[in-house]
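Remarks on the overall topology
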Amino acid sequence: MKATLAINGGTPVRTEPFPARFWGASVVGDEELALVTEVVRSRCLFRSYGEGTPHMVDDLEREAREFFGVRHALGVTSGSAALFCALAGLGIGPGDEVIVPSLMWLSDFNAPLLHGATPVVADIDRTLCVDPDDLERKITPRAKAVVVVYFMGGVGHIDRIVEIGKKRAVAVVEDCAQSCGATFRGQRIGSLGDVGCYSFQHNKIMTSGEGGMVVTNDPLTFERAARYHDLGGLRPALAAQLEGEPQLEPFAGAQFRMNELTGAVALAQLRKLDSAVLAVTQSHFGRLTRELSEACPGIRFRDTGDHGGDAGIALYIDRQTPDKGAWFGKALAAEGIPVGATTRVCNLLHSEYVQARRQTHPNMPPFGPVGSGDACTYSPACCPNTDAIIGSMVSTMITPRMTDSDIDDIRDAVTKVWRAQEVSR
Ligand SMILES: Cc1ncc(COP(=O)(O)O)c(C=O)c1O
């Protein structure tokens, strides 16, 4: 006897709401309070000088270098700023192309444009990250970098992407905003390509409300990014991260400096990222995928190059077609499991401003009439697999305050829908 689905009038598996849906923010507590209090008491809110000795952003950068396994780290004001600085660090400018995935955040598309470079959009595969085959097809002699977006905790096939980057002399920028702390075969993401970017915005795995970071092993990329984030200058704390003398002259940069209050919260969060957040989400994620594989023969999750390295912040069931995905999502939601768009990230090729190629000024490169203006155009047809892949996925979030019994409910609801679906469809 199959249980009657809630969508057909049966009793839902879950009627209680799930705990707070945020990750880093849901574990904010005494550790953050202690470091913020220290900053307030010191009256040193700026990272480079004050009445006392500011050290929070410096400490954050030092501990982040160790945590992510990189030589250089730069605290900045946001994940978007991290992307702008990363591309500046790589010396990206007018005439260059930067390949970005269709499933991305606005900043991934905007960052090349703000440097006058052309974003070229590549399709995703069933990892929900950029498809290495389409990436390779989209590389032209003008391509200087690819931005890999690790989507909602996943790590994709970054090994193949790094290999393609090396072979075709295209720098790999890792956008780790949604997957902070995830690993690929034992190595933290962000340290695998040429430069890594993190966001510490509120809805992230570690948070300081707003904030971000750039990491790299390359001293010149670091120096250019660090100068760009501070009006073209290089203050002593960042110059000290270089092993030798600075290589660059001052230039006209932006201002994306992190302050000490942000640094204090981010530092407290980094110190408990593994123990308070990832240990919980990854354990729940591992149990769910294991138990569902047993209970639902044939069930498929999103593809990955390293299941164990996933940050575990969301479960993606791949129903293979948008039709099946839509039905399964509706049935699971009726069982009381929050389903669906887990972030506002979507196929950016549907965005009106992207299709209109709208910039701050009509003469701005790459689309403006400086030179001939770039002919690149944008529509969903540029990436024909994206919508069907997104539509096939049914997702639900896994957050640090969820208990074993919350996870039992997700497992039971998925199992119930899976078993019913075998007869109803
Ligand atoms: C993939 C991705 N990249 C970059 C960002 C930008 O981060 P921020 O909001 O800190 O600027 C976000 C934010 O949601 C994101 O999801």
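Scoring rules and cut-offs
- Residues numbered from 1 in each chain as written.
- Predicted model: local features only at pLDDT ≥ 70, side-chain atom pairs only at ≥ 80, totals over all residues.
- Heavy atoms only, no water.
- Near = heavy atom within 4 Å.
- Polar contact = N/O pair within 3.5 Å; in protein donor to acceptor, adjacent residues only side chain to side chain.
- Areas by Shrake-Rupley, 256 points an atom, 1.4 Å probe, with all protein chains shown as cover.
- Helix = DSSP H or I, 4+ residues; strand = E, 2+ residues; numbered from the N terminus.
- Nonpolar A, V, L, I, M, F, W, Y, C, P; charged D, E, K, R; others polar.
- Buried < 20%, exposed > 50% of the residue type's maximum accessible area, 1.4 Å probe, protein only.
- Contact = heavy atoms within 4.5 Å.
- Salt bridge = Lys/Arg side-chain N within 4 Å of Asp/Glu carboxyl O.
- Axes fitted to C-alpha atoms, helices over the stretch in contact; angles between N-to-C directions.
- Parallel < 35°, antiparallel > 145°, perpendicular 65-115°, else oblique.
- Left-handed = near helix turned anticlockwise from the far one by under 90°.
- Core = buried A, V, L, I, M, F, W, Y, C linked by side-chain atoms within 4.5 Å.
- Domains from an automatic or database assignment.
- Buried area = accessible area lost by both parts, 1.4 Å probe.

With that settled, the discussion passes to the site of the ligand. Around the ligand there are 15 residues in total, and Gly 79, Ser 80, Asp 175, Ser 199 and Lys 204 lie nearest to it. Here Lys 204 contributes a side-chain N or O atom positioned 2.7 Å from an oxygen atom of the ligand. About the coverage of the ligand: the protein hides 90% of its 380 Å² of free accessible area. At the level of secondary structure, the elements contributing two or more residues to the shell around the ligand comprise helix H3 (79-89) and helix H4 (106-114). No other element matches H3, which puts three residues into the shell around the ligand. Partitioned by chemical class, the residues of the shell around the ligand number four nonpolar, eight polar and three charged.

Our next topic: the environment of Pro 119. By the element assignment, Pro 119 lies in strand E4 (residues 118-122). Its relative accessible area of 0% is what places Pro 119 among the buried residues. When the C-alpha positions of Pro 119 and Tyr 378 are compared, they lie 9.6 Å apart, and in sequence the two are 259 residues distant. Apart from residues lying up to four places away in sequence, Pro 119 is in contact with Val 98, Val 100, Phe 109, Pro 112, Leu 113, Phe 367, Cys 376 and Tyr 378.

Let's shift gears to the side chain of Gln 421. Position of Gln 421 among the secondary structure elements: in helix H13 (residues 404-424). We classify Gln 421 as buried; its relative accessible area is 5%. Those residues in contact with Gln 421 that lie beyond four places of it in its chain are Arg 319, Trp 327 and Phe 328.

Turning our attention to the pattern of salt bridges. Applying the stated criterion across every chain, the model contains 31 salt bridges. A salt bridge links Arg 71 to Glu 243, with the shortest nitrogen-to-oxygen separation between them at 3.0 Å. Pair noted here: Arg 71 is in the loop between helix H2 (56-68) and strand E1 (72-76) and Glu 243 is in the loop between helix H8 (236-239) and helix H9 (260-295), with a separation of 172 residues, a long-range link. You can call Glu 243 exposed: its relative accessible area is 66%. Two residues, Arg 126 and Asp 318, come together in a salt bridge whose shortest N-O distance is 2.7 Å. Within this pair, whereas Arg 126 is found in the loop between E4 and helix H5 (132-138), its partner Asp 318 is found in strand E11 (residues 314-318), the two being separated by 192 residues in sequence. Exposure remark for Arg 126: the relative accessible area of 24% places this residue in the partly exposed category. A relative accessible area of 3% places Asp 318 in the buried class. Via salt bridges that share partners, Arg 287, Glu 291, Asp 408, Arg 411 and Asp 412 belong to a single interconnected network.

Each pair of packed helices gets described by two things: the angle between the helix axes and the distance between those axes. It is the contact of H2 with H9, at a shortest axis distance of 8 Å, that shows an interaxial angle of 30 degrees. The angle between the axes of H2 and H9 places the two elements in the roughly parallel class. Crossing hand, H2 versus H9: left-handed. Listed contacts from H9 to Met 56, Val 57, Asp 59, Leu 60, Glu 63, Ala 64, Phe 67 and Phe 68 of H2 are Glu 260, Gly 263, Ala 264, Ala 266, Leu 267, Leu 270, Arg 271, Leu 273 and Asp 274. Across the contact of H2 with H9, the residue classes tally to eleven nonpolar, one polar and five charged.

Moving on: the nonpolar core. If you look at the biggest cluster of nonpolar residues, it comprises 62 residues, and the most contacted ones within it are Phe 68, Ile 158, Met 213 and Leu 273. At eight residues, the largest contribution of residues to this core is made by H9. Composition of this core by domain shows at least three residues from each of domain 1 (30-268 + 345-376) and domain 2 (274-343 + 386-424).

Our next topic: the domain arrangement of the protein chain. You can read the domains of the protein chain as domain 1 (30-268 + 345-376) and domain 2 (274-343 + 386-424). Here the C-alpha centroids of domain 1 and domain 2 sit 29 Å apart. Each partner contributes to the interface: domain 1 provides 29 residues, whereas domain 2 provides 25 residues. Interface area for domain 1 against domain 2, summed over the two sides, is near 2,300 Å², with a carbon-plus-sulfur share of 53%. A per-residue breakdown of the area domain 1 buries against domain 2 is headed by Arg 126, Met 152 and Ile 205, which together make up 34% of the total. Inspection of the region where domain 1 meets domain 2 yields 17 residue pairs in polar contact (both at pLDDT 80 or more). The class makeup of the residues in the side of domain 1 that touches domain 2 is twelve nonpolar, twelve polar and five charged.

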